[in-house]
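# Remarks on the overall topology
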Amino acid sequence: GSSRDSRALGAYYLEKHGIPQSRLCTIKVDPRAPSLSLAEFERDVRLPIQAHLANNRLADQIHYLVLCLDIPSRVENDNGITSVLFYGYKPATPGAPRCHVASNSVNQYYGAETAYNSTAGWNRTNAPIPFLLTAGDLETAKRVVDRGVASIAAFPEGAFCLYGSADAARNVRHRTYPVVARQLELLGRGAWLDANPAASPAPARPILGYLNGLAYLPTNLTGAAFAPGAICEHLTSCAGMIPEPCLNQSSVWDWMRLGATASYGTVTEPCAFEVKFPDPMIAFWYARGFTAGEALAMAVRHPYQGLWVGDPLAAPFAAPPSVRVLEPARNAKL
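For the structure given in this document, a descriptive report is provided here. (Residues numbered from 1 in each chain as written. Predicted model: local features only at pLDDT ≥ 70, side-chain atom pairs only at ≥ 80, totals over all residues. Heavy atoms only, no water.)

## Section: the overall build of the protein chain
When you go through the protein chain residue by residue, the secondary structure sums to 8 helices and 11 strands. A globule of 334 residues ought to have a C-alpha radius of gyration of about 20 Å, and the protein chain, at 20 Å, matches this closely. Taking the principal axes of the C-alpha coordinates as reference, the protein chain spans close to 70 × 50 × 35 Å. By the burial criterion, 53% of the 334 residues in the protein chain qualify as buried. Expressed as a percentage of contacts within the protein chain between residues at least 6 apart in sequence, the contacts between residues at least 24 apart total 72%. Carbon and sulfur atoms provide 52% of the accessible area of the protein chain, an area that totals close to 14,800 Å². Between the averaged position of the 29 positive side-chain charges in the protein chain and that of its 27 negative side-chain charges there is a distance of 5 Å. (Helix = DSSP H or I, 4+ residues; strand = E, 2+ residues; numbered from the N terminus. Rg over C-alpha atoms; globule rule 2.2 N^0.38 Å. Buried < 20%, exposed > 50% of the residue type's maximum accessible area, 1.4 Å probe, protein only. Contact = heavy atoms within 4.5 Å. Areas by Shrake-Rupley, 256 points an atom, 1.4 Å probe, with all protein chains shown as cover. Lys, Arg positive; Asp, Glu negative; His and termini not counted. Charge placed at Lys NZ, Arg CZ, Asp CG, Glu CD.)

## Looking at the pattern of salt bridges
Taken as a whole and assessed by the stated rule, the structure comprises 8 salt bridges. The closest approach of N and O atoms between Glu244 and Arg74, which form a salt bridge, is 2.7 Å. Residue Glu244 is located in the loop between strand 9 (226–234) and helix 6 (252–258), and its partner Arg74 is located in strand 3 (residues 74–75); the two are separated by 170 residues in the primary sequence. Between Arg257 and Asp254 there is a salt bridge; the shortest N-O distance is 3.1 Å. In this pair, Arg257 and Asp254 both sit in helix 6, 3 residues apart, roughly one turn of the helix. Overall, the relative accessible area of 53% leaves Arg257 in the exposed class. When its relative accessible area of 21% is taken as the criterion, Asp254 is described as partly exposed. (Salt bridge = Lys/Arg side-chain N within 4 Å of Asp/Glu carboxyl O.)

## Remarks on the environment of Pro206
Within the secondary structure layout, Pro206 lies in the loop between strand 7 (193–196) and strand 8 (207–212). Sequence spacing of Pro206 and Gly158 is 48 residues, and the spatial spacing of their C-alpha atoms is 4.4 Å.

## Quick word on the packing of helix 1 (residues 4–17) against helix 4 (residues 138–151)
Orientation of helix 1 relative to helix 4, taken along the N-to-C sense of each, is 15°, at an axis distance of 10 Å. Taken together, the axes of helix 1 and helix 4 are roughly parallel relative to one another. Judged by the sense of rotation from one axis to the other, the crossing of helix 1 with helix 4 is right-handed. Residue-level inspection shows Asp5, Ala8, Leu9, Tyr12, Tyr13, Lys16 and His17 of helix 1 in contact with helix 4, the latter providing Leu138, Ala141, Lys142, Val145, Asp146, Gly148 and Val149. A class-by-class count of the residues in the contact of helix 1 with helix 4 yields 8 nonpolar, 2 polar and 4 charged. (Axes fitted to C-alpha atoms, helices over the stretch in contact; angles between N-to-C directions. Parallel < 35°, antiparallel > 145°, perpendicular 65-115°, else oblique. Left-handed = near helix turned anticlockwise from the far one by under 90°. Nonpolar A, V, L, I, M, F, W, Y, C, P; charged D, E, K, R; others polar.)

## Remarks on the sheet that holds strand 3
Strands in a sheet are paired, the pairing made by backbone hydrogen bonds, and the direction either parallel or antiparallel. Spatially, 3 strands are ordered 1-3-4 in an open sheet, and the strand pairing comes out mixed. The open sheet has two free edges, formed respectively by strand 1 (35–36) and strand 4 (79–80), since each of these has just one partner strand. In this sheet, strand 4 lies alongside strand 3 in antiparallel orientation, the contact comprising 2 bridges. Bridged to Val75 within strand 4 is Asn79. (Pairing = 2+ DSSP bridges.)

## Points about unusual backbone geometry
Each neighbour pair has its own omega, and for Ile242 with Pro243 the value is 10°, a cis peptide bond. Secondary-structure assignment places Pro243 in the loop between strand 9 and helix 6. Residues Glu327 and Pro328 are joined by a peptide bond in cis, for which omega reads 0°. Backbone geometry places Arg57, a non-glycine residue, at a positive phi of 55°. Along the polypeptide, Arg57 turns up in the loop between helix 2 (38–55) and strand 2 (64–68). When its relative accessible area of 73% is taken as the criterion, Arg57 is described as exposed. Even without glycine at this site, Cys271 takes up a positive phi of about 60°. Locating Cys271 in the fold gives a position in the loop between strand 10 (262–266) and helix 7 (282–287). Assessed through its relative accessible area of 19%, Cys271 is described here as buried.

## Observations regarding the layout of surface pockets
Quantified by volume, the largest pocket comes out at close to 650 Å³. Along the walls of the largest pocket sit 27 residues, with Arg23, Leu24, Cys25, Leu65 and Val66 positioned nearest its centre. Taken together, the elements giving at least two residues each to the lining of the largest pocket come down to helix 1, helix 2 and strand 2. Each residue belonging to the lining of the largest pocket can be placed in one class, and the counts come to 18 nonpolar, 7 polar and 2 charged. The space that makes up the second largest pocket amounts to roughly 320 Å³. No other element matches the 5 residues that helix 2 contributes to the lining of the second largest pocket. Of the residues belonging to the lining of the second largest pocket, the class tally is 12 nonpolar, 5 polar and 2 charged. (1 Å grid on protein atoms, 1.4 Å probe; cavity = no way out; pocket = protein on both sides within 12 Å on 5 of 7 lines; lining within 4 Å. Points joined across faces, edges and corners; volume = space filled by probe spheres on them.)

So far we have only geometry, and geometry alone does not tell us how the molecule works.
Structural data, given as structure tokens:
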């Protein structure tokens, strides 16, 4: 990006994850702009990325895209920049009421329960899963990267917290918690779940994941332990509207500051449609070993108004393969 902090974070991400320099793509956008027009997005974001992939012969190898720090969070003020990169801009349906679900905005990867491969043509594109690696400052963003790296195959102890509240407008997911509990039980990991559909208590164990329905984060999260790779989200209107979130609403930046590694927030008023927010089944999918990028991309049926945030490569429950070379023998000549 055009910001010194963005460039520094990009270099830090490559170093910590061991990613080759050829994977670093520079784009030039106004680091102070909260939104881009669709024409600006195509000219300054999508086309330079596509050209970089083509010039470095990477088009069929890249499954994740990480935008670093000072990048506008949205396009035309109503679509998250990550969703537009993922499956295109989804305009409001002409003549529809303000609160509706845009036509042609279904994410085909929703609930797919399969590893993501951009060449598989999800949503009729070959797009990688895009994330905005962002925080209130560079040092906090670097700590997010550190947590993402530390999470890989760590199998941390803790709990997936599926909580609720008395906020009827936001506490709309609690009916699905028993389904998640059943799936985790079948996986043999039922003890990982801490579900309370009516309240958001102080977590007694390190947080593996956290979903609730509140406008602002509860004060009992201050000082809570977050396991590396924790995915955390609160269903509210403008958690992704950075750098200037709504008055009296917490943002994805608050999650990054507290200790989360990935989050999701909407960039415009979505209204309380469950399909516009992460499905609580994300706890089950993440526990199965999917990356944070896969789990969040798989969890939102209509992500067009949203923003995927953090480190998509976090994968605390992904067991690495074990390989033995049986032949030829060590030091044998071929």
